[in-house]
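Descriptive analysis of the structure
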Amino acid sequence: MIFRLMRLQGIIPTNGGNVLREPHVRILWASWHVVTALGWCVAITLLWLALPSTAQISQSTLSKAIACALLVSSLLVLVGTKGKHPGWMGLLAAAALTAVGVYQ
């Protein structure tokens, strides 16, 4: 809702008015959606853990879910900022290191 007035065209808002320039609005949009993606991942993981059939959940399954959430977050920042904000590289590195840890 907060971005509706900032959107000139397309899905990513770019109009920050007199206060924010386009790059600032883009990273704000990406950050907002990264928190949403990670929040959904946490919610789904907690729901899954609450099910009686998953009493013996494996560590690798949780690690894969976390790696996927970090990868989606990385892509959101990459697309949202057109690759200009380095946050996507940090999230991608965290996703890769988490994925590597699963297969060791």
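Residues numbered from 1 in each chain as written. Predicted model: local features only at pLDDT ≥ 70, side-chain atom pairs only at ≥ 80, totals over all residues. Heavy atoms only, no water.

1. Structural notes on the side chain of T81
Put simply, the rule is: Labels follow the DSSP assignment, with helices taken as runs of H or I lasting at least four residues and strands as runs of E lasting at least two, numbered in each case from the N terminus. When a residue's accessible area, from a 1.4 Å probe over protein chains only, is under 20% of the maximum for its type it is buried; when over 50% it is exposed; and in between it is partly exposed. Counted as a polar contact is a pair of N or O atoms within 3.5 Å, where, for protein atoms, one must be capable of donating a hydrogen and the other of accepting one, and residues adjacent in sequence contribute only when both atoms are in side chains. Note on contacts: a residue pair qualifies if any of its non-hydrogen atoms lie within 4.5 Å across the two residues.
One can find T81 in the loop between α2 (59–80) and α3 (87–102). Take T81: its relative accessible area is 6%, and that puts it in the buried class. Among the polar contacts made by the side chain of T81, one reaches the main-chain amide nitrogen of H85 at a distance of 3.4 Å. In this structure, T81 is in contact with R26 and I27, ignoring residues within four places of it in sequence.

2. Considerations on α3
Heads up, the condition is: Expected helix span is given by 1.5 Å per residue-to-residue step, counting one fewer step than there are residues. This arc corresponds to the set of directions leading from the helix axis out to the C-beta atoms.
Here α3 contains 16 residues, and its C-alpha end-to-end distance of 23 Å stays within 8% of the 22 Å for a straight helix at 1.5 Å per residue. What α3 keeps buried is the set L91, A95 and V102. For α3, the arc enclosing every buried residue in end-on projection is 40°, short of the 170-degree limit, so these residues lie on one face.

3. Quick notes on the pattern of salt bridges
Quick reminder of the rule: Any carboxyl oxygen of Asp or Glu that lies within 4 Å of a side-chain nitrogen of Lys or Arg is treated as forming a salt bridge with it.
Inspection of the entire model under this criterion finds 2 salt bridges. Note that E22 and R26 form a salt bridge whose closest N and O atoms lie 2.9 Å from each other. Residue E22 and its partner R26 are both found in helix α1 (residues 22–50); the two are separated by 4 residues, about one turn of the helix. Take E22: its relative accessible area is 34%, and that puts it in the partly exposed class.

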